[in-house]
Amino acid sequence: MMVIYFGFILLVAFDIPLLGTLIIPALSLGMLLGVLVILSAWVLTWTYVRWANRHYDVSVRELMR
């Protein structure tokens, strides 16, 4: 997540004209990438929660016995 977020921030800092490129009317590359950063946070969180529930919960149940 840090790589995605900081990559986006570096693009904002160093290549604003690229982010202003229109993909379709009223949708710039910057807006699209911003939405993708937010969606990737949701997907990565969901993926981690599923992984943790499958691995850590089993270990915790075993320790509680």
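See the structure printed just above.
For every chain, the first residue of the written sequence is number 1, and numbering continues from 1 onward in sequence order. Selection of residues for local features in this predicted model requires a pLDDT of at least 70, selection of side-chain atom pairs for listing and counting requires 80 or more, and totals for whole chains, interfaces and linings are taken over all residues. Side-chain measures here rest on the full set of heavy atoms in the structure, leaving out hydrogens and waters.

(A) Molecular detail of the environment of S28. Numbering of helices and strands starts at the N terminus; helices are DSSP runs of H or I of at least 4 residues and strands are runs of E of at least 2. Checked against the element boundaries, S28 lands in strand β2 (residues 27-28). Expressed as a C-alpha distance, the spacing of S28 and F8, which sit 20 residues apart in the sequence, is 14 Å. By the convention used here, residues are in contact when the closest approach between their heavy atoms is within 4.5 Å. Discounting chain neighbours no more than four positions away, the residues touching S28 are L19, G20, T21, L22 and I23.

(B) Representation of helix α3 (residues 29-64) in the model. One less than the residue count of a helix, multiplied by 1.5 Å, gives the span that helix is expected to have. Compared with the 52 Å implied by 1.5 Å per residue over 36 residues, the 50 Å span of α3 between its first and last C-alpha is a close match. Of all the bends in α3, the greatest, near 35 degrees, is centred on N53. Buried means the residue's accessible area, taken with a 1.4 Å probe over protein chains only, is under 20% of the maximum for its type, while exposed means over 50%, and partly exposed covers the values in between. All of the buried residues in α3 are G30, G34, V37, S40 and A52. Looking at the buried positions of α3, the neighbouring elements they touch are α1 (2-14), α2 (16-19) and β2. Bend is the name given here to the angle between axes fitted to two runs of seven residues, the run ending at a residue and the run starting at it.

(C) Structural view of the packing of α1 against α3. Here the axes come from fitting lines to C-alpha atoms, over the contacting stretch only for helices, and the angles between their N-to-C directions go from 0 to 180 degrees. Across the interface, α1 lies against α3 with an axial gap of 10 Å and an inter-helix angle of 165 degrees. Judged by the inter-axis angle, α1 sits roughly antiparallel to α3. Note on packing geometry: the crossing formed by α1 with α3 is left-handed. Contact with α1, carried on its side by I4, Y5, F8 and L11, involves G30, L33, G34, V37, S40 and L44 of α3 and no other residues of that element. Of the residues belonging to the contact of α1 with α3, the class tally is seven nonpolar, three polar and no charged. Throughout, the term roughly parallel applies to angles under 35 degrees, roughly antiparallel to angles over 145, roughly perpendicular to angles from 65 to 115, and oblique to all others. Note: crossing handedness is left-handed where the near helix turns anticlockwise from the far helix by less than a right angle, and right-handed where it turns clockwise. Residues are grouped as follows: Ala, Val, Leu, Ile, Met, Phe, Trp, Tyr, Cys and Pro are nonpolar; Asp, Glu, Lys and Arg are charged; all remaining types, including Gly, are polar.

(D) Looking closely at the packing of aromatic side chains. Each pair of aromatic rings taken from Phe, Tyr and Trp, with Trp reduced to its six-membered ring, is defined by centres within 6.5 Å and is described as stacked if the planes are under 30 degrees apart, edge-to-face if over 60, and tilted in the remaining cases. Counted by the stated rule, this structure contains three aromatic pairs. Both rings, one in Y48 and one in W51, keep their centres 6.1 Å apart while their planes meet at 35 degrees; by these two values the pair is tilted. Of this pair, Y48 and W51 both sit in helix α3, three residues apart, which is roughly one turn of the helix. A relative accessible area of 48% places Y48 in the partly exposed class. Plain terms: the ring middles of W51 and Y56 are 5.3 Å apart, the flat faces sit at 85 degrees to each other, and that makes the pair edge-to-face.

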